[in-house]
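These are the residues of each chain, in order.
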Amino acid sequence: MWDNHFGCRLIGQTYRELFSRFDLDLIGACSKHLQSNYLKIMEKADLIIVNGEGSIRHGRNQHLVDLAEYFPCVLLNAVWQDNPDNPKLKHFKYISVRESLSSRELTDLGVENEIVPDIIFVSMFLNSYIKGSPTGDMGFTDCVIKTKKRFFRKPEEIKVDTPLVADYLDQLSSYRRICTGRFHTIIACSVLGIPFSAWPSNSHKIEGLLKDMNVEYLLGKDRSEAAAKCPVYCDEKIGKYVDSAKQRIFQCFSGLHTYV
């Protein structure tokens, strides 16, 4: 199910950690492209968790919303941006989105929702990772938006598609600060205490997260402006947000039993 993308791999791992922590039995998992054989598994489930992540935006992947009409579903860990008013949204037993911009759009549609930060804030692997001493000043990642022009560090850019999560974290922590166009890299830096700046991705997820952290000044309109904004020290507001994020995620998952 999970490919070599750093964020996707860590999301899948963290869901399993949370299921174990809160005594939730996982009987199956599939990608957003639903295979027919998973319908039989869904029919056996007491509750289906739809992991929204960055998928439900600009009218895409509405079939994930449609599931709520036919199965008992909750929508978790989602972005919501520029989508049609889908009446099937109201069939979800519970909806959480990762940042306030998505929450505002759903609220404007009259859909009840809760802001619960991205679940990798509580990743056991991420939180137990021990950083080494950095050897470089500023490292750069790419952005999910692919462009003809690629930006490189020396000797190469930090690659988000790595076989192991640890390899990616090793790359990040080898720098004193990070300039990134990746949502989950911002979270990793926040948890590890690595100073960062960012530029927008393919949705408002980065803008929303920095807004909720109250560090919007770290956002540049593009990679060059973000690099100029990259700080030497972590803002203390980021650490406070990380602590509150963990509490909200645990509270969310501890309450999932009530929707069965």
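See the structure printed just above.
Each value, and the rule that gives it
- Note that residues are indexed from 1 along each chain, following the sequence as it is written.
- Per-residue local features of the predicted model are confined to residues with pLDDT of at least 70, and side-chain atom pairs are confined, for both listing and counting, to 80 or more; whole-chain, interface and lining totals are unaffected and use all residues.
- Side-chain measures here rest on the full set of heavy atoms in the structure, leaving out hydrogens and waters.
- Here a strand is any run of E in DSSP of at least two residues, a helix any run of H or I of at least four, and the numbering for each starts at the N terminus.
- With a 1.4 Å probe rolled over the protein chains alone, any residue whose accessible area is under 20% of its type maximum counts as buried; one over 50% counts as exposed, and the rest are partly exposed.
- We call two residues contacting when some pair of their heavy atoms lies within 4.5 Å.
- All accessible areas in this document rest on Shrake-Rupley with a 1.4 Å probe, and a residue is counted as covered only by the protein chains that are shown.
- We call a set of buried Ala, Val, Leu, Ile, Met, Phe, Trp, Tyr and Cys residues a nonpolar core when their side-chain atoms join them within 4.5 Å.
- Whenever a carboxyl oxygen of Asp or Glu lies within 4 Å of a side-chain nitrogen of Lys or Arg, that contact is scored as a salt bridge.

## What about the overall build of the protein chain?
Link 1 in the chain: Each helix and strand in the protein chain was counted, giving 10 helices and seven strands.
Link 2 in the chain: Burial status across the protein chain gives 52% buried among its 260 residues.
Link 3 in the chain: Long-range pairs, those at least 24 residues apart, make up 59% of the contacts in the protein chain between residues at least 6 apart in sequence.
Link 4 in the chain: With an accessible surface of roughly 12500 Å², the protein chain has 51% of that area assigned to carbon and sulfur atoms.

## Observations regarding the nonpolar core
Link 1 in the chain: Judged by nonpolar contacts, the single largest core of 50 residues is most densely connected at Phe121, Leu169, Leu210, Met213 and Phe253.
Link 2 in the chain: Those elements that place two or more of their residues in this core are α1 (6–21), β2 (73–78), α6 (165–173), β6 (175–181), α7 (183–192), β7 (196–198), α8 (205–213) and α10 (236–254).
Link 3 in the chain: Leave out the neighbours within four places in its chain, and Leu169 touches Phe6, Phe125, Leu126, Tyr129, Ala188 and Leu192.
Link 4 in the chain: Residues Cys30, Ile48, Val50 and Leu67 belong to the second largest nonpolar core, which totals 21 residues.

## Regarding α6
Link 1 in the chain: The complete set of buried residues in α6 reads Val165, Tyr168, Leu169, Gln171, Leu172 and Ser173.
Link 2 in the chain: Lining the buried residues of α6 we find α1, α5 (124–128), β5 (136–143), β6 and α7.

## Comments concerning the pattern of salt bridges
Link 1 in the chain: Going through the model one piece at a time under the given rule, you end up with seven salt bridges.
Link 2 in the chain: Asp66 is paired through a salt bridge with Lys88; the nearest N and O atoms lie 3.6 Å apart. Pair noted here: Asp66 is in helix α3 (residues 62–70) and Lys88 is in the loop between β2 and β3 (94–97), with a separation of 22 residues, a long-range link.
Link 3 in the chain: According to the relative accessible area criterion, Asp66 is partly exposed, its value standing at 23%.
Link 4 in the chain: Glu225 is paired through a salt bridge with Lys221; the nearest N and O atoms lie 2.8 Å apart.
Link 5 in the chain: Overall, the relative accessible area of 27% leaves Glu225 in the partly exposed class.
Link 6 in the chain: Taking the relative accessible area as the measure of exposure, Lys221 reaches 62% and is therefore exposed.
Link 7 in the chain: Three or more residues joined by partner-sharing salt bridges are found here, namely Asp66, Glu69 and Lys88.

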